[in-house]
Amino acid sequence: MTKRILFVCLGNICRSPAAEGVFRDLFKQAETDSAGTAGYHVGEPPYGPMQAAARARGLDLSDLRARQFEPQDFARFDLIVAMDGDNLRNIEAQRPADQITPVVLFTDFAAGSSADHVPDPYYTRDFDGCLDLIEQAARGLVSHLEAGHAL
Ligand code: 4NP
């Protein structure tokens, strides 16, 4: 079954494009996209230091462009994956009454990590730590999907 998965952070230039880049490399049968709850960086490619850290791991994020999350995304995707609780609440506040698409926290899939959100490397400057956590969560999400678990 085709899965359409949307990754969401605040600016859509660091965490969610990195999550999309890591995830699409691991799980090629999904359709992926990413978006930001804010519109500050619409149309921009992922942040340079994030692209560089990803490239060092063999991941090319240069085709991605930032866009803002919109309520229509509930109908376009089977699963919406938020990078932190603020994003999740912001997304849920835009849920149309007739939409049941699940919105989940990415870190809930990061077995072995106690993180309850993906810290924003735009502020922490820890791009590699961010990618480490994203890779853990992406592997967990792939296992979940491959096991056919409901979301
Ligand atoms: P992201 O990081 O949400 O991981 O893309 C951010 C990048 C830029 C800003 C906020 C978050 N900003 O406010 O410009």
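Throughout what follows, the structure given in this document is the object of discussion. Just so it is clear, the structure is predicted and the values come from calculations on it, not from any experiment. (Residues numbered from 1 in each chain as written. Predicted model: local features only at pLDDT ≥ 70, side-chain atom pairs only at ≥ 80, totals over all residues. Heavy atoms only, no water.)

So, the overall build of the protein chain
Scanning the protein chain for helices and strands turns up six helices and four strands. Secondary structure elements in the protein chain, listed N-terminal to C-terminal, are β-α-β-α-α-β-α-β-α-α. For the protein chain, whose C-alpha radius of gyration is 14 Å, the value lies close to the compact-globule estimate of 15 Å for 151 residues. Each of the three principal axes of the protein chain carries a C-alpha extent, and together these read 40 × 35 × 30 Å. Contacts in the protein chain between residues far apart in sequence, at least 24 positions, make up 68% of those at least 6 positions apart. Approximately 7,100 Å² of the protein chain is accessible, and the part contributed by carbon and sulfur atoms is 49%. Averaging the positions of the 14 positive and the 22 negative side-chain charges in the protein chain gives two centres separated by 2 Å. (Helix = DSSP H or I, 4+ residues; strand = E, 2+ residues; numbered from the N terminus. Rg over C-alpha atoms; globule rule 2.2 N^0.38 Å. Contact = heavy atoms within 4.5 Å. Areas by Shrake-Rupley, 256 points an atom, 1.4 Å probe, with all protein chains shown as cover. Lys, Arg positive; Asp, Glu negative; His and termini not counted. Charge placed at Lys NZ, Arg CZ, Asp CG, Glu CD.)

Concerning the nonpolar core
Judged by nonpolar contacts, the single largest core of 36 residues is most densely connected at Phe7, Phe23, Val81, Phe106 and Leu141. Taken together, the elements giving at least two residues each to this core come down to β1 (3-9), α1 (15-26), α2 (48-55), β3 (79-82) and α6 (127-146). Examining the composition of this core, we find that ten residues originate from one element, α6, more than from any other. When neighbours within four sequence positions are excluded, Leu141 is seen to be in contact with Phe7, Phe23, Leu79, Val81, Phe106 and Phe109. If you look at the next biggest cluster of nonpolar residues, it comprises ten residues, including Leu6, Val8, Phe69 and Phe77. (Core = buried A, V, L, I, M, F, W, Y, C linked by side-chain atoms within 4.5 Å. Buried < 20%, exposed > 50% of the residue type's maximum accessible area, 1.4 Å probe, protein only.)

Looking at the sheet that holds β1
Within the open sheet, the four strands sit side by side as β2-β1-β3-β4. Their pairing is parallel. Because the sheet does not close on itself, it has two edges, and the strands there are β2 (30-36) and β4 (103-105). Each adjacent strand pair in this sheet contributes to an overall mean axis angle of 25°, direction not counted. Here seven bridges tie β1 to β2, and the two strands are oriented parallel to one another. Its bridge partner lying in β2, Ile5 is registered against Thr32. Here helix α4 (residues 85-92) sits on the sheet and contacts β1, β3 and β4; the angle it forms with β4, its principal contact strand, is near 175°. (Pairing = 2+ DSSP bridges. Axes fitted to C-alpha atoms, helices over the stretch in contact; angles between N-to-C directions.)

Some details on the side chain of Asp84
Along the polypeptide, Asp84 turns up in the loop between β3 and α4. Among the polar contacts made by the side chain of Asp84, one reaches the main-chain amide nitrogen of Asn87 at a distance of 2.8 Å. The residues touching Asp84, leaving out its near neighbours within four places in the chain, are Arg15, Leu105 and His117. (Polar contact = N/O pair within 3.5 Å; in protein donor to acceptor, adjacent residues only side chain to side chain.)

Geometric descriptors of this kind do not, in isolation, establish any biological role.
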